[in-house]
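Report on the structure
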Amino acid sequence: MAKLLLWLFAAGKMGKLLTTGGTMLLSLVVYSWVFGWRYAAGFVVLLFVHEMGHYVAARNRGLRVGTPAFIPFVGAWVALEDLPHDVETEAYIGMAGPLAGTLAAMACYFAARDNDSQLLLALAYSGCMLNLINLIPLMPLDGGRITAIVSPKVWLLGVPLLAALFFYRPSPMLILVGLLAIPQLKAAWRGDPGPTPAYYDVKLETRLNYGALYLGLVAFLAVMSYSIHDMIRA
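What counts and how
- In every chain, residue numbers begin from 1 and rise along the written sequence.
- This being a predicted model, a pLDDT of at least 70 is required before a residue's local features are given, and a value of 80 or more before pairs of side-chain atoms are given or counted; all residues contribute to the totals for chains, interfaces and linings.
- Excluding hydrogens and water, the side-chain values take into account all heavy atoms of the structure.
- Helix and strand assignments follow DSSP, with helices taken as H or I runs no shorter than four residues and strands as E runs no shorter than two, numbered in order from the N terminus.
- Any residue under 20% of the maximum accessible area for its type is buried, any over 50% is exposed, and the rest in between are partly exposed; the area is computed with a 1.4 Å probe on protein chains only.
- Residue contacts are counted whenever heavy atoms from the two residues lie within 4.5 Å of one another.
- Working definition of accessibility: Shrake-Rupley area with a 1.4 Å probe, residue cover restricted to the visible protein chains.
- Residue-level confidence of the predictor, termed pLDDT, takes values from 0 up to 100.
- Note on terminology: disulfide denotes any pair of cysteine sulfur atoms within 2.5 Å.
- Any carboxyl oxygen of Asp or Glu within 4 Å of a side-chain nitrogen of Lys or Arg constitutes a salt bridge here.
- Stacked, tilted and edge-to-face pairs are distinguished by plane angle, under 30 degrees for stacked and over 60 for edge-to-face with tilted covering the rest, among Phe, Tyr and Trp rings (Trp via its six-membered ring) whose centres lie within 6.5 Å.
- Counting as a charge over the ring demands two things of the Lys NZ or Arg CZ atom: a distance within 6 Å of the ring centre and an angle within 35 degrees of the ring normal.
- To form a nonpolar core, buried Ala, Val, Leu, Ile, Met, Phe, Trp, Tyr and Cys residues must be joined to one another through side-chain atoms within 4.5 Å.
- Any N or O atom pair separated by 3.5 Å or less is treated as a polar contact, with the protein-specific requirement of one donor-capable and one acceptor-capable atom, and with residues adjacent in sequence counted only for side-chain atom pairs.

**As for the overall build of the protein chain**
The secondary structure content of the protein chain amounts to nine helices and two strands. Listed N to C, the secondary structure of the protein chain is α-α-α-β-β-α-α-α-α-α-α in terms of helices and strands. Here the protein chain holds 234 residues, and 42% of them are scored as buried. Considering only contacts within the protein chain whose residues lie at least 6 apart along the sequence, 65% involve residues at least 24 apart. In the structure as shown, the protein chain presents an accessible area of about 13,100 Å², 70% of it carried by carbon and sulfur atoms.

Written as structure tokens, this is what we have:
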């Protein structure tokens, strides 16, 4: 048994498992202090589903990817050990997280209606808002990775959206996103945001498909967030 454990650590399997499980547990404990353990557990699951969407999509494209890691009040992420070879792959991986997260939020929503649960309704609202904010067209958010397939200059539209969100509900996390976005914004402004011109060489039809899917998901999450918020207040 001892040799087996040592082998697992050497291979990195146990280390990845402890990273994911340990950071999930840390987030659960911290969120529990603020919101109560039931809401905390549900919220961490929503984060996990979102990140697993990225994980599965990356593995589906043959990329090596780390297991999810969590930081309380910051969120979660999966680290790509292999970078995408083109913008379509990046958009595909970026879209998978919000899609999976939206499905999880909708599962909470329908379960809340069936069980008349305010807790599940609150989780559904949080899930919708979490994914909606993540779709702001600004790197390093998922929205920035998705809209890059249309044009990296779309990132410039994310600046006023991020600023409006900050003034509506100030958060240090939004400041961090803004700071991380500065290098990509400078590159987009200069018209040279990518590693090579071939990275953005995709068919017009592909651009339009991703653009339509992105706008549809944004509209759906915005409508659902507004509707669920009204249901909670009622």
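Further notes follow.
**A short note on the confidence of the model for the protein chain**
When pLDDT is averaged across the protein chain, the result is 75; 67% of the residues are at 70 or more. Between the elements of the protein chain, mean pLDDT differs from a low of 38, seen in helix α1 (residues 2–11), to a high of 91, seen in helix α4 (residues 87–115). Taken as a whole, residues 1–22 scores under 50 in pLDDT and shows 15 contacts with residues more than four places along the chain or in a different chain. Counting interchain partners and residues more than four positions distant, the pLDDT-below-50 stretch residues 24–34 has 26 contacts.

**Considerations on the state of the cysteines**
Structurally, a disulfide amounts to a covalent bond that connects the sulfur atoms of two cysteines. In total, this model carries zero disulfides according to the counting rule given. Cysteine C128 shares no disulfide, and the gap to the nearest cysteine sulfur, in C108, comes to 9.2 Å.

**Describing the pattern of salt bridges**
Two side chains bearing opposite charge may form a pair once their charged atoms approach each other closely. Scanning the model with the defined rule gives two salt bridges in all. Ionic pairing is found between R61 and E88, a salt bridge with its closest N-O pair at 2.8 Å. Here R61, found in the loop between α3 (37–60) and β1 (69–71), pairs with E88, found in helix α4; they are 27 residues apart in sequence, far enough to count as distant. Classification of E88 by relative accessible area gives buried; the value is 17%. Between R145 and E90 there is a salt bridge, with its nearest N and O atoms 3.0 Å apart. Of this pair, R145 sits in helix α6 (residues 142–147) while E90 sits in helix α4, and the two are 55 residues apart along the sequence.

**Observations regarding the packing of aromatic side chains**
Each aromatic ring pair is described using two quantities: the centre-to-centre distance and the angle formed by the ring planes. In this structure the tally under the stated criterion is one aromatic pair. A centroid spacing of 5.2 Å and a plane angle of 65° characterise the contact between Y109 and F110, whose relative ring orientation is edge-to-face. A cation over a ring is seen here: R61 above Y92, with NZ or CZ 3.9 Å from the ring centre.

**Focus on the nonpolar core**
Of all hydrophobic cores here, the largest spans 24 residues; its most connected members are Y109, C128 and I228. Elements with a minimum of two residues in this core: α3, α4, α5 (118–134) and α9 (204–233). The dominant element in this core, judged by the number of residues it contributes, is α4, at seven residues. The residues touching I228, leaving out its near neighbours within four places in the chain, are Y109, L121, A124, Y125 and C128. Judged by nonpolar contacts, the second largest core, of 17 residues, contains I149, W155, L185 and Y200.

**What to know about the environment of S225**
In this structure, S225 sits in helix α9. The class of S225 is buried, set by a relative accessible area of 4%. Aside from chain neighbours lying at most four places away, what touches S225 is Y125, C128, M129 and L132. Side-chain polar atoms of S225 contact the backbone oxygen of L221, separated by 2.7 Å.

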